[in-house]
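# A structural walkthrough
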Amino acid sequence: MKILAIETSCDETALSILEIEGDKQSPVFRILADETHSQIALHAEFGGVFPTLAKREHAKNIPVILEKVLKDAKLFESGETEFDTEKMNSILEREPELLATISSFLRNTKKPEIDHIVVTSGPGLEPTLWIGIMFARALSLAWNIRVTPVNHMEGHLLSVLIDSTQEEDKTINLTEIQFPVLGVLISGGHTEFVVIEKIGSYKKIGQTVDDAVGEAFDKVARILDLPYPGGPKISKLALEGKKNELVKLPRPMIATPDYNLSFSGLKTAVLYLSKKLQEQNLWNEETKQDIAREFEHACAEVLTSKAKKAIKEFDIQSLVIGGGVAANTHIRNEFSKLGIPLLLPKHKLATDNSIMIAIAGYFEISQGKESYLYGTEKTPDEIKANGNWSVDA
Ligand code: KG4
Ligand code: ZN
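On a predicted model such as this, the values are computed, not experimentally measured, just so you know.

## Some thoughts on the overall build of the protein
In terms of regular secondary structure, the protein is built from 13 helices and 11 strands. Over its C-alpha atoms the protein spans a radius of gyration of 22 Å, differing by no more than 12% from the 21 Å that the globule rule assigns to 393 residues. The principal-axis extents of the C-alpha atoms in the protein amount to approximately 70 × 45 × 35 Å. Each of the 393 residues in the protein was classed as buried or not, and the buried ones make up 56%. Looking at the protein alone, contacts between residues at least 24 apart form 75% of all its contacts between residues at least 6 apart. Within the structure as shown, the protein displays about 16,900 Å² of accessible surface, and the carbon and sulfur contribution to it stands at 49%. For the protein, the centre of its 44 positive side-chain charges and the centre of its 56 negative side-chain charges are spaced 4 Å apart.

## Overview of the site of ligand 1
Close to ligand 1 lie 20 residues, the nearest being Gly 188, Gly 214, Asp 218, Gly 231 and Gly 324. Backbone polar atom of Gly 188 to an oxygen atom of ligand 1: 2.7 Å apart, as the coordinates give it. At a separation of 3.3 Å, an oxygen atom of ligand 1 approaches a polar backbone atom of Gly 189. For ligand 1, whose free accessible area comes to 550 Å², the fraction covered by protein is 88%. Mapped onto the shell around ligand 1, the elements with two or more residues apiece are α6 (152-158), α7 (213-223) and α8 (230-240). Of all the elements, α8 adds the most residues to the shell around ligand 1, at four residues. Classifying every residue of the shell around ligand 1 gives five nonpolar, 13 polar and two charged. Here the shell around ligand 1 gathers at least three residues from each of two domains, domain 1 (2-167 + 350-366) and domain 2 (179-340).

## Some thoughts on the sheet that holds strand β7 (residues 181-186)
The strand order across the open sheet built from five strands is β9-β8-β7-β10-β11, with neighbouring strands paired in mixed fashion. Two strands close off the open sheet at either side, each with one partner strand: β9 (201-207) and β11 (342-343). Strand direction decides the pairing type here: strand β10 (residues 318-322) and β11, joined by two bridges, are parallel. Looking at the pairing, Leu 319 lines up with Leu 342 of β11. Along the sheet, helix α10 (residues 285-313) makes contact with β7, β8 (191-198), β9 and β10, crossing β8 at roughly 25 degrees.

## Comments concerning the coordination of the zinc ion (ligand 2)
The zinc ion (ligand 2) binds to the protein through His 152 (NE2), His 156 (NE2) and Asp 352 (OD), with metal-donor distances spanning 2.1 to 2.2 Å. In the primary sequence, the donor residues of the zinc ion (ligand 2) line up as H-x3-H-x195-D. Of this pair, His 152 sits in helix α6 while Asp 352 sits in the loop between α12 (347-350) and α13 (355-366); the two residues are 200 residues apart in sequence, bridging distant segments of the chain. For the pair His 152 and Asp 352, a shared accessibility class is recorded, and that class is buried.

## A closer look at the domain arrangement of the protein
The assigned domain composition of the protein is domain 1 (2-167 + 350-366) and domain 2 (179-340). Opposite the 18 residues of domain 1 that make contact, domain 2 presents 20 residues. Buried area between domain 1 and domain 2, both sides added, is near 1,400 Å², and the carbon and sulfur share of it is 76%. On the domain 1 side of the contact with domain 2, Met 153, Leu 157 and Ala 350 bury the most area, a combined 38% of that side's loss. Put simply, domain 1 and domain 2 have zero salt bridges between them. Our count for the domain 1 to domain 2 interface comes out at three residue pairs in polar contact (both at pLDDT 80 or more). At the level of elements, α1 (40-44) and α6 are the ones that each hand at least two residues to the side of domain 1 that touches domain 2. Take the side of domain 1 that touches domain 2: its biggest share by element is five residues, from α6.

## So, the pairing of β10
Most of β10 is tucked away, with five of its five residues classed as buried. Along β10, one buried face is formed by Ser 318, Val 320 and Gly 322 and the opposite face, lined by Leu 319 and Ile 321, is buried too. The pairing of β7 with β10 spans five bridges and is classified as parallel. Residue pairing across strands places Gly 183 opposite Val 320, the latter belonging to β10. Regarding the hand of the β-α-β motif, the stretch spanning β10, helix α11 (residues 329-336) and β11 is right-handed.

## Brief notes about the pairing of strand β5 (residues 146-151)
For β5, the tally of buried residues reaches five of six residues, placing the bulk of the element in the interior. Alignment of strand β4 (residues 116-122) against β5, held across six bridges, turns out to be parallel. Paired with Gly 122 across the two strands is Asn 151, which belongs to β5. At this point the chain moves from β4, through helix α5 (residues 126-143), to the parallel β5, and the crossover so formed is right-handed.

## Here's the deal with α13
With 12 residues, α13 extends 16 Å from end C-alpha to end C-alpha; this agrees with the ideal 16 Å at 1.5 Å per step. Counting buried positions along α13 gives 12 out of 12 residues, so the element sits mostly inside the fold. Within α13, burial applies to Ile 355, Met 356, Ile 357, Ala 358, Ile 359, Ala 360, Gly 361, Tyr 362, Phe 363, Glu 364, Ile 365 and Ser 366. Of the residues flanking the end of α13, it is Gly 368, one or two places downstream, whose phi is positive at about 80 degrees.

Basis of the calculations
Every residue gets a number counted from 1 within its own chain, in the order that chain's sequence is written. Labels are handed out in written order, letters beginning with A for the chains and numbers beginning with 1 for the ligands. Whole-chain, interface and lining totals are the exception, using all residues; otherwise, since this is a predicted model, local features are given only for residues with pLDDT of at least 70 and side-chain atom pairs are given and counted only at 80 or more. Only heavy atoms go into the side-chain values, all of them from the structure, while hydrogens and water stay out. Here a strand is any run of E in DSSP of at least two residues, a helix any run of H or I of at least four, and the numbering for each starts at the N terminus. This radius of gyration counts C-alpha atoms alone. The globule rule is 2.2 Å times how many residues there are, raised to the power 0.38. Only protein chains enter the accessibility calculation, which uses a 1.4 Å probe. A residue is then buried if its area is under 20% of the maximum for its type, exposed if over 50%, and partly exposed in between. Two residues form a contact once any of their heavy atoms are found within 4.5 Å. Here the accessible surface of atoms and residues is derived via Shrake-Rupley with a 1.4 Å probe, and residues count as covered only by protein chains that are part of the display. In summary, the charge assignment counts Lys and Arg as positive and Asp and Glu as negative, without counting His or the chain termini. Positions of charges follow a simple convention, taking NZ of Lys, CZ of Arg, CG of Asp or CD of Glu. We call a residue near a molecule or strand as soon as one heavy atom of that residue lies within 4 Å of the molecule or strand. Two N or O atoms form a polar contact when they lie within 3.5 Å of each other; inside protein one atom must be a possible hydrogen donor and the other a possible acceptor, and for residues adjacent in sequence the pair counts only when both atoms belong to side chains. Nonpolar residues are Ala, Val, Leu, Ile, Met, Phe, Trp, Tyr, Cys and Pro. Charged residues are Asp, Glu, Lys and Arg, and all others, Gly as well, are polar. For the domain bounds, the source is a domain assignment made automatically or taken from a database. Here a strand pair is declared whenever DSSP counts at least two bridges between the two strands. Lines fitted to C-alpha atoms define the axes, with helix axes restricted to the stretch in contact, and inter-axis angles between N-to-C directions lie between 0 and 180 degrees. Only nitrogen, oxygen and sulfur atoms qualify as donors, provided they sit within 2.8 Å of the metal or within 3.2 Å for Na, K and Ca; with water excluded from the atoms, sites may seem incomplete. Defined here as a combined quantity, buried area equals the accessible surface (1.4 Å probe) lost by two parts on assembly, summed across both. By definition here, a salt bridge exists when the distance from a side-chain nitrogen of Lys or Arg to a carboxyl oxygen of Asp or Glu is within 4 Å. Crossover handedness is defined by viewing with both strands directed away from the observer: a clockwise path from the first strand over the helix to the second marks the crossover as right-handed. Here the expected length of a helix is defined as 1.5 Å per residue gap, with one fewer gap than residues.

So, in structure tokens, the structure goes:
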């Protein structure tokens, strides 16, 4: 089965084509093409993702990326494809530029050998999610291929199953994973603990009550005069930091009996600390390094202490960490000390990508989740963007 996966939930436009063979218990994945266009540089000057701008960029880049992945996968062939123009116009009526480019591309390209389209439909920024969904609808119409919506957070959880850098086929042997698994989702938009009984069965047991941990990294970075996105920059700065009695930070909610977390107070504590150090003329490169280190330690401590508790309560056998913050070396190291097998995404798959969407999509399809096709009772018009779609909904 060949799957085309589409991801536009935030500031990366990503498409990939994967070929999957073998049985459900040990499917073999081959990455035929994978392309991610990051808008980070564009949003850096706003200090965060600017949704309207992000949407426009996705719409501009997605047809170009499609052509690239089809060529990389050797599935591109000039020719003719006929489709219902009126329906195509209505699918993309709100995006006239995208309509013009993609219609002419599709009309002059032969239908590729792709069996299924999967698209992120939430959670994320709704305006940008809509670009991916409209694009999926357009391709589905032109090529008469089924579409399955995928949860972005399920993608992050399953991103640990594959290595994007491998040249060879990857067999995912599900029998090697010991369930129940504790999923720790740490990204710019989410911070959640999820108990995974098996692939496809998720139960959220706790989450942040305010900011996501990645968001806190980004906000603290701004206080430390570092550009967006702050996570990688803080990690780098923290490497130079040392223990400093003057830069102590709190461990919010570390002792609460639930699995919830809070990061907004931690960010405010950094802000007050920076003001205090400025007044004392102690605001310099060294104290900033020490703050970066202490902040990273505080985040790692609250996350791992809640994870430790969950491991006991839910008889957890292994850990999976997903989301952009999973790229943080200190946090990875602290989780690796918890004494049970730890599955981590390869660095490239820790941040947003479409390979993880293809993997999650494959499992949704193989477990018989509903898919959508024009001309049937359930058309892709039923797929909607859901900015708050919970992984266990
Ligand atoms: O999963 P992701 O790519 O996008 C969302 O779905 O949010 O995560 C992006 C977040 C940003 O907040 C970024 O600062 C953070 O992940 N991040 C890091 C690191 N690399 C990226 N945070 C801490 N340490 C890192 N090395
Ligand atoms: Zn993400």
